[in-house]
Amino acid sequence: MVRILGFLVGLVFAGVAVISFFVNLVGNIQSPPEATAEEEYHVHPKALHLQSDGPFGSFDRQQVQRGFQIYKEVCSACHSMKLVAFRDLHELGYSEAEVKAIANQWATEVPSVNPDTGEPATRKATPADHFPAPYANETAARAANNNALPPDLSLMTKARHGGAAYVYSILTGYRNQPTELVKKFPGAKTPQGLHYNPYFANLNIAMPQPLVSDGQVTYAEGNPKPTVDQMAKDVSAFLVWTAEPKLENRHHYGWAVLLFLLVGTVLGYLSYQNIWAEAKRKVAPVGPLDPVNKAKRTRATKKAGVAG
Amino acid sequence: MSFAWAKPYEPKTGLGRWFDERLPLPRLVYGAIGGGYPVPRNLNYWWNFGVAAGIFLTVQIVTGIVLAMHYYASADGAFNSIEHIMRDVNAGWWLRYAHMNGASFFFIVVYVHIFRGLFYGSYKAPRELVWMLGLVIYLLMMATAFMGYVLPWGQMSYWGAQVITGFFSAFPVVGEPIRVWLLGGYAPDQAALTRFFSLHYLLPFVIAAVTVLHIWALHIPGSNNPTGVDVKTEKDTLPFHPFYTAKDGWFAGALLFAYCVLTFFAPNYLGHPDNYIPANPLATPAHIVPEWYFWPFYAILRSFTVDVIIPAKLWGVTAMFGSILLLFFLPWLDKSPVRSGSYRPVFKRFFGLLILDVLVLGYVGGAPITPLNIALGQLATAYYFAHFLIILPLVSKFETPLPLPSSISESVLHGEKAEAAPIGQTKPAN
Amino acid sequence: MVSQVGEDHSLRRRDFINIAAVSFAGVGAAAVVLPLVSQMSPSADVLALASTEVDISKIAPGQAIKTVWRKQPVFVRNLTPQEIAAANAVDVSTLRDPQTLAERTKPGKMNWLITMGVCTHLGCIPLGTGEGENRGPFGGYFCPCHGSAYDTAARIRQGPAPLNLQVPEYAFTSDTVVTIG
């Protein structure tokens, strides 16, 4: 009974799936899906190699500090970074006094309350504060940016396929829209107020090119020249740190744990072999089937010159 | 428990005897996972995944309890509380990644465990209840995992909650009220998040309880084995401890190694970047997919694109639920008296096809929607239902199985390496 | 396990491997417990709130304010000359927790008594900072939970509390600003 019912149910479900298959097939043949500009012109991020890559990866403090400088002087005008606190900057090699100074001199202040009147006010940031956001709220951010919302950058390299390479590619990917694209897809012309960037999912990004010229930011003595490419790399490295500040701990502990597990597993395996050797001997083929006896017999037959 | 030669528990100390007479807990443990549980001596490594599943359940419960000490189930604060765990809580990043990847490993291990049962006929009499309780655990796991994925309140969390509860709206009349009831609102929000957290904390303990039943039911007939032949004499078995504790122990080490590689060096590999974007009820991510362990079912859901008598949406949802429910009937669909797939040449071929089919479904479920992927998914879906409901019953009726060994020890005798293989199929080791 | 091992010559080596494997598992389990325990200690953001600045310019002699440091109340009191005299008149050796007022304040700032507002008995907040609050029989602070009375130097004089109100680490950043922590 179960099998007859099952048979019918199976026929129905498999049948409807197959019907769906053929209906779609016919549909696709009659009106093949049209290509879109995104499909043809969107490109995957360029390769970017950072010191934080790979299982031995660590942060290049110098580079991440440069990236922080770019964020502070360029990006932070529009992009918040709510998950990172000034105190976290210790990990980048800034001293306590430097962190205090950075917090104190931050362009935007922290919202607070006037202790005398209770009116909304602002105060200088302290190391315990998170980076203050440039806009009070989403509406203010959209109003100031042509109705586009500059996303929070704290987790950017974990929140996009391609991670740091994606950020780097976007920052260096601005160009004029190819004329063939517009010829082929007249509807896909970059609208007013947007900017063509093939690394962006729908090709047209609201953010104007943020890093426009070499030397836009002045690096301290002993750093590489601040070319657009270098600055894009540095800020990408910084965003790797903001998204995953514990990356170095993770790698260090990871290796220790793996080494421990490796030794433990090998020991466990030897112990297992040990324990089972006994069991195998106990059940092992006995009498003529015992490999030892068998070998003896083979030797004996060989000695005797009897053909196997 | 059920074998005459199972060693009874003998307390070694006076205190042990005193305790045993009052509360025979040590006796219970000894009989369940100690020297008092005789296990077929020819189990291969596929049998290690049951204990491994127990280990990962423990990992999940332990890390979960600890994470709950820092997480707050608030629509405004959930996302930030996870990042607080990742950044500020001592060893928080490890706890969170361990829980995240622990879920994936729990599913990996359970999937291997299920497919082992499918191949070696572990669902057949007298182990039907073991199989069905296992499926109950699996369903509970899916519910727990889904609700856990909602908790970070990222984009995928939010839209996952929206889509999964949307399944219910496929059912006519009662569907929409059920969906609204589940969410406690018209869209996922505070009410949904709080109840998901509550249930996400509760269900693992239910899973643990059903696991006890699963093991209890297993201990009545005892474990199946690669030959599928019943245990006949003491020679066929070994006590669980120390033999299988040693084997499970070192294998657990190896699995934990793989798990730690993922946790420490590619913790987000199995996740989706969009879940690092806070939930936004006004923007759906471009490419929304569930976690990888749901992909095959997601592919089945998406395969029904045509209204045939009832709407396509309802086909998709019933098929998706049906694809799991039909497994409950497996013991009665496959009536072949031979358990082990090793002795069933035709079954073996179709089993290979089934694995391939589920892999294809998995791929399609995680891939973007293109006409080719949809078509592939539709064929794979058709095969999935045909396999269990049409092919298996027919195969079990018409197939001629290979000769079985007369006992487990006989199968062991023809060579350690070929323990599981039928006689005459592989060359003896000696 | 030991009984399973055969009685051949390699017995000791085999035993050793089994024991080593089990000990390894034990060490591993213990190592995992460490982070599971340490996650409960204060997180980085809690530790970052370790200092508070208090403006004391508006506290008149005889008045006190309650401020917050590490999420705990701190009493800042501007003692009157009479209160200072009363505190100094006590024979320190008779006290449960012998300390002079000078030991509990900064040199040259004996009128500024800065203490934790946490009763050393079981952690209630003693009364005595607000206008008209019960300051107890010794004119300092009085804990209503179990009746501990503190004197004008916030020393325990009566009731179950074992110690004087704790003096936190603090420094005068200027004449009117105190940094606690």
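Residues numbered from 1 in each chain as written. Chains lettered and ligands numbered in written order. Predicted model: local features only at pLDDT ≥ 70, side-chain atom pairs only at ≥ 80, totals over all residues.

**Quick notes on the overall build of chain B**
Note the threshold: Counting from the N terminus, the helices are DSSP H or I runs at least four residues long and the strands are E runs at least two residues long. For the radius of gyration, the atom set is restricted to C-alpha positions; the globular benchmark scales as 2.2 Å times the number of residues to the power 0.38.
Along chain B, the regular secondary structure elements total 16 helices and two strands. Taken over C-alpha atoms, the radius of gyration comes to 24 Å for chain B, in line with the 22 Å a tight globule of 430 residues would show.

**A few points about the overall build of chain C**
The condition is simple: In this scheme the burial state of a residue depends on its C-beta neighbours within 10 Å: 20 or more other such atoms mean buried, 12 or fewer mean exposed, and anything in between means partly exposed; the C-beta positions come from the backbone. We call two residues in contact when the distance between their C-beta atoms, placed using the backbone, is within 7 Å.
The helix and strand tally for chain C stands at three helices and nine strands. Written out in order from the N terminus, the α and β elements of chain C read α-α-β-β-β-α-β-β-β-β-β-β. Relative to its length of 181 residues, chain C is extended, with a C-alpha radius of gyration of 27 Å against a globular reference of 16 Å. Taken over the C-alpha atoms alone, chain C extends approximately 90 × 35 × 30 Å along its principal axes. When burial is assessed residue by residue, chain C has 27% of its 181 residues classed as buried. Here the contacts in chain C between residues at least 6 apart in sequence split such that 46% fall between residues at least 24 apart.

**Examining the domain arrangement of chain C**
For the record, the criterion: The split of the chain into domains comes from an automatic or database domain assignment.
Considered domain by domain, chain C is made up of domain 1 (2–38) and domain 2 (47–180). The straight-line distance from the C-alpha centre of domain 1 of chain C to that of domain 2 of chain C is 56 Å.

**Quick word on the sheet that holds strand E8 (residues 170–172) of chain C**
Residue and element names in this part refer to chain C. To keep things clear, this is the line we draw: When DSSP locates at least two bridges between a pair of strands, those strands are taken to pair. Fitted lines through C-alpha atoms give the axes, limited to the stretch in contact for helices. The angle between two N-to-C directions lies from 0 to 180 degrees.
Read from one edge to the other, the open sheet built from three strands follows the order E1-E9-E8, with strand pairing classed as antiparallel. Each of the sheet's edge strands pairs with one partner strand only, and the pair in question is strand E1 (52–55) and E8. Mean inter-strand twist for the sheet, computed between neighbouring axes without regard to direction, equals 20°. Here four bridges tie E1 to strand E9 (residues 177–180), and the two strands are oriented antiparallel to one another. By the bridge assignment, Asp 55 is partnered in E9 with Val 177.

**Notes on the interface of chain A and chain B**
Convention followed: All amino acids are sorted into three groups, where Ala, Val, Leu, Ile, Met, Phe, Trp, Tyr, Cys and Pro are nonpolar, Asp, Glu, Lys and Arg are charged, and the leftover types, Gly among them, are polar.
Taken together, the 52 residues of chain A in the interface contact 56 residues of chain B. The set of elements that each furnish at least two residues to the side of chain A that touches chain B consists of helix H1 (2–30), helix H9 (247–283) and helix H10 (291–304) of chain A. For the side of chain A that touches chain B, the element with the highest residue contribution is H1(A), accounting for 19 residues. When grouped by side-chain class, the residues that make up the side of chain A that touches chain B number 34 nonpolar, 11 polar and seven charged.

**Here's the deal with the interface of chain C and chain A**
Counting residues at the interface gives 14 residues for chain C and 14 residues for chain A. When residues in the side of chain C that touches chain A are grouped by element, the largest group, eight residues, is from helix H1 (residues 11–38) of chain C. Among the residues making up the side of chain C that touches chain A, the classes are represented as nine nonpolar, four polar and one charged.

**Thoughts on the pairing of strand E2 (residues 64–69) of chain C**
Where E2(C) meets strand E3 (residues 72–78) of chain C, six bridges bridge the pair, whose relative direction is antiparallel. Looking at the pairing, Val68(C) lines up with Pro73(C) of E3(C).

**Let's talk about the sheet that holds strand E6 (residues 148–151) of chain C**
All names here are of chain C. Spatially, three strands are ordered E5-E6-E7 in an open sheet, and the strand pairing comes out antiparallel. What marks the edges here is a single partner per strand, and that holds for strand E5 (139–143) and strand E7 (156–158). Taking each pair of neighbouring strands and ignoring which way they run, the sheet shows an average axis angle of 35°. Summarising the sheet, E5 and E6 pair through four bridges and their orientation is antiparallel. Residue Cys 143 lies in a different strand from E6, and its bridge partner there is Ser 148.

**What to know about the packing of helix H5 (residues 92–119) of chain B against helix H10 (residues 240–265) of chain B**
Residues and elements named next belong to chain B. What counts, and what does not: The cut-offs work like this: below 35 degrees is roughly parallel, past 145 is roughly antiparallel, 65 to 115 is roughly perpendicular, and the gaps in between are oblique. Each crossing gets its handedness from the near helix: less than a right angle anticlockwise from the far helix is left-handed, clockwise is right-handed.
Packing of H5 against H10 leaves a shortest axis separation of 9 Å and a crossing angle of 135°. On the basis of the axis angle, H5 is oblique to H10. Taken as a pair, H5 and H10 cross one another with a handedness that is right-handed. Every residue of H10 that contacts H5 at Tyr 97, Ala 98, Asn 101 and Phe 105 is listed here: Tyr 259, Leu 262 and Thr 263. Split by residue class, the contact of H5 with H10 holds five nonpolar, two polar and no charged.

**Observations concerning helix H8 (residues 228–243) of chain A**
Think of an α-helix as 3.6 residues a turn; residues three or four steps apart then line up on the same face. Filter applied, for reference: Given the number of residues in a helix, its expected span is that number minus one, multiplied by 1.5 Å.
Spanning 16 residues, H8(A) covers 22 Å between terminal C-alpha atoms, matching the ideal 22 Å at 1.5 Å per step. Where burial is concerned, most of H8(A) is hidden: 13 out of the 16 residues are buried.

**A word on the confidence of the model for chain B**
Defined as follows: The pLDDT value tells you how sure the predictor is about a given residue, anywhere from 0 up to 100.
Looking at chain B as a whole, its pLDDT mean stands at 92, while 95% of the residues score no less than 70. Contacts for the low-pLDDT stretch residues 415–430 of chain B, under 50 throughout, to residues beyond four places or in other chains number 30 contacts.

**Overview of the confidence of the model for chain C**
Residues and elements named next belong to chain C. Across chain C, the average pLDDT comes to 89, with 93% of residues at 70 or higher. Per-residue pLDDT stays below 50 along residues 1–7; that stretch engages in 12 contacts with residues further than four places along the chain or on separate chains. Scoring the predicted complex yields pTM 0.90 and, for the interface, ipTM 0.90.

**Examining the packing of helix H11 (residues 295–303) of chain B against helix H14 (residues 345–366) of chain B**
All names here are of chain B. Between H11 and H14, the shortest axis-to-axis distance is 7 Å and the interhelical angle comes to 75°. The orientation of H11 with respect to H14, classified from their angle, is roughly perpendicular. Across from Trp 295, Pro 296, Tyr 298, Ala 299 and Ile 300 in H11, the residues of H14 making contact are Val 358, Leu 361, Gly 362, Val 364, Gly 365 and Gly 366. When its residues are assigned to classes, the contact of H11 with H14 shows eight nonpolar, three polar and no charged.

**Some remarks on the environment of Val130(B)**
All names here are of chain B. Locating Val 130 in the fold gives a position in helix H6 (residues 128–150). Placed 125 residues apart in sequence, Val 130 and Leu 255 show a C-alpha to C-alpha distance of 24 Å. Residues contacting Val 130, with those up to four places away along its chain left out, are His 214, Ala 217 and Leu 218.

**Section: the nonpolar core**
Test applied: Defined on buried residues, the nonpolar core groups Ala, Val, Leu, Ile, Met, Phe, Trp, Tyr and Cys residues joined through C-beta atoms within 7 Å.
Core analysis: the biggest nonpolar cluster contains 116 residues, and Ala52(B), Phe106(B) and Val109(B) have the highest contact counts within it. Excluding its chain neighbours within four sequence positions, the residues that come into contact with Val109(B) are Phe49(B), Ala52(B), Ala53(B) and Phe56(B). Within the second largest apolar cluster, 45 residues are counted, among which are Ile170(A), Ala237(A), Phe238(A) and Ala243(A).

**Focus: the environment of Phe59(A)**
Residue and element names in this part refer to chain A. Relative to the helices and strands, Phe 59 resides in the loop between helix H2 (37–41) and helix H3 (61–73). C-alpha of Phe 59 to C-alpha of Pro 186: the two residues are 127 residues apart in sequence and 45 Å apart in space. Excluding anything up to four places from it in sequence, Phe 59 contacts Gln 51, Ser 52, Val 64, Trp 241 and Glu 248.

**Concerning unusual backbone geometry**
Peptide bonds are trans in most cases, and residues, glycine excluded, mostly fall at negative phi. Residue and element names in this part refer to chain B. Here the amide bond leading from Ala 125 into Pro 126 is cis, since omega sits at 5°, within 30 degrees of zero. Its location among the elements puts Pro 126 in the loop between H5 and H6. Residue Pro 242 follows His 241 across a cis peptide bond; omega there is 5°. Tracing the chain through its elements places Pro 242 in helix H10. Here Ala 91, not a glycine, exhibits a phi torsion of approximately 60°, which is positive. Residue position: Ala 91 is located in the loop between helix H4 (78–87) and H5. Taking the number of C-beta atoms within 10 Å as the measure of exposure, Ala 91 has 19 and is therefore partly exposed. A positive phi angle, near 65°, is found at Ile 309, a position not held by glycine. Along the chain, the position of Ile 309 falls in the loop between H11 and helix H12 (312–325). Under the C-beta neighbour-count criterion, Ile 309 is labelled exposed, with 8 such atoms within 10 Å.

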